[in-house]
Amino acid sequence: MPAQPSAVRGTANVVEIERQLSRLAYLAGRARQHERLMHMAGLTLDRAAVAILRGIAESEPLRPGVLAVRLSVEASHVTRQLRQLEAAGHVIRVADPDDRRAQRIQLTDAGLAAVEAIREASRQGLHMVLADWSAEDLERLSGLFRRLVEDFVAHAEDTAPSG
């Protein structure tokens with residue numbers, strides 16, 4: 001385990017941040033929250049399908065194995081979901097320009113529309129939650145959240161188990 005800076009290790013603020021992040025992840029990941037999001041978006045996708053569509057939209061087209069690594073799930077889970085999303089018309093397989101034997105996954109127009117509907121529904125939910133926040137607080141939260149996520153991404157490789 002890498003050494004932690006003494007200013008961060010065990011502080012009350014870090015304990016509170018971890019507690020609140022855990023609580024937020026729990027609340028955001030609840031089935032009822034997902035159902036509300038799907039209702040607002042006018043879609044009937046399960047949580048795994050939404051994660052996959054969002055993952056593809058972030059950097060499409062990409063190989064299924066790359067998507068599985070980015071989502072930290074087994075490739076078989078992604079393959080199964082991709083078959084369903086393909087049958088529903090949300091994704092298509094395209095030739096990989098770097099390797100003709102491989103395929104990449106790309107969103108269709110319907111897939112792009114679904115992702116945009118999900119994002120809009122999610123933004124509407126955030127607007128409701130943050131309606132009473134000042135512009136300064138929103139700007140500060142946005143910057144700190146971006147920094148937190150970037151640091152999580154930067155340190156993800158450092159903390160990944162080797163093997």
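Given the structure is predicted, the values throughout are model-derived calculations rather than measurements. (Residues numbered from 1 in each chain as written. Predicted model: local features only at pLDDT ≥ 70, side-chain atom pairs only at ≥ 80, totals over all residues. Heavy atoms only, no water.)

1. Observations regarding the overall build of the protein
And step 1. Secondary structure assignment for the protein yields 7 helices and 2 strands.
And step 2. Put simply, the protein has 163 residues, and 21% of those count as buried.
And step 3. Looking at the protein alone, contacts between residues at least 24 apart form 51% of all its contacts between residues at least 6 apart.
And step 4. If you sum the accessible surface of the protein, you get close to 11900 Å²; carbon and sulfur atoms cover 56% of it. (Helix = DSSP H or I, 4+ residues; strand = E, 2+ residues; numbered from the N terminus. Buried < 20%, exposed > 50% of the residue type's maximum accessible area, 1.4 Å probe, protein only. Contact = heavy atoms within 4.5 Å. Areas by Shrake-Rupley, 256 points an atom, 1.4 Å probe, with all protein chains shown as cover.)

2. Focus: unusual backbone geometry
And step 1. The phi dihedral of Ser72 is positive, around 55 degrees, even though this residue is not glycine.
And step 2. For Ser72, the position within the fold is in the loop between helix H4 (64-71) and helix H5 (75-87).
And step 3. Ser72 gets classed as exposed once you look at its relative accessible area, which sits at 66%.

3. A word on the environment of Leu45
And step 1. Mapped onto the elements of the fold, Leu45 is located in the loop between helix H2 (31-41) and helix H3 (47-58).
And step 2. Since its relative accessible area comes to 14%, Leu45 is described here as buried.
And step 3. In this structure the C-alpha to C-alpha distance between Leu45 and Ala114, which are 69 residues apart in sequence, comes to 9.3 Å.
And step 4. With residues near it in sequence (within four places) discarded, Leu45 still touches His34, Met38, Val50, Leu53, Leu85, His90 and Ile118.

4. Details of the packing of H3 against helix H6 (residues 109-130)
And step 1. Contact geometry for H3 and H6: axes closest at 10 Å, N-to-C directions at 105 degrees. Between H3 and H6, the angle falls in the class roughly perpendicular. Between H3, through Val50, Leu53, Arg54, Ala57 and Glu58, and H6, the contact on the second element is made entirely by Ala114, Val115, Ile118, Arg119 and Ser122.
And step 2. Looking at side-chain class alone, the contact of H3 with H6 contains 6 nonpolar, 1 polar and 3 charged residues. (Axes fitted to C-alpha atoms, helices over the stretch in contact; angles between N-to-C directions. Parallel < 35°, antiparallel > 145°, perpendicular 65-115°, else oblique. Nonpolar A, V, L, I, M, F, W, Y, C, P; charged D, E, K, R; others polar.)

5. Brief notes about the layout of surface pockets
And step 1. Its boundaries defined by the atoms lining it, the largest pocket holds a volume of some 1800 Å³.
And step 2. Looking at the largest pocket, it is lined by 37 residues, and the ones nearest its centre are Leu24, Ala28, Ser122, Leu126 and Phe145.
And step 3. Here the lining of the largest pocket is composed, by residue class, of 21 nonpolar, 8 polar and 8 charged. (1 Å grid on protein atoms, 1.4 Å probe; cavity = no way out; pocket = protein on both sides within 12 Å on 5 of 7 lines; lining within 4 Å. Points joined across faces, edges and corners; volume = space filled by probe spheres on them.)

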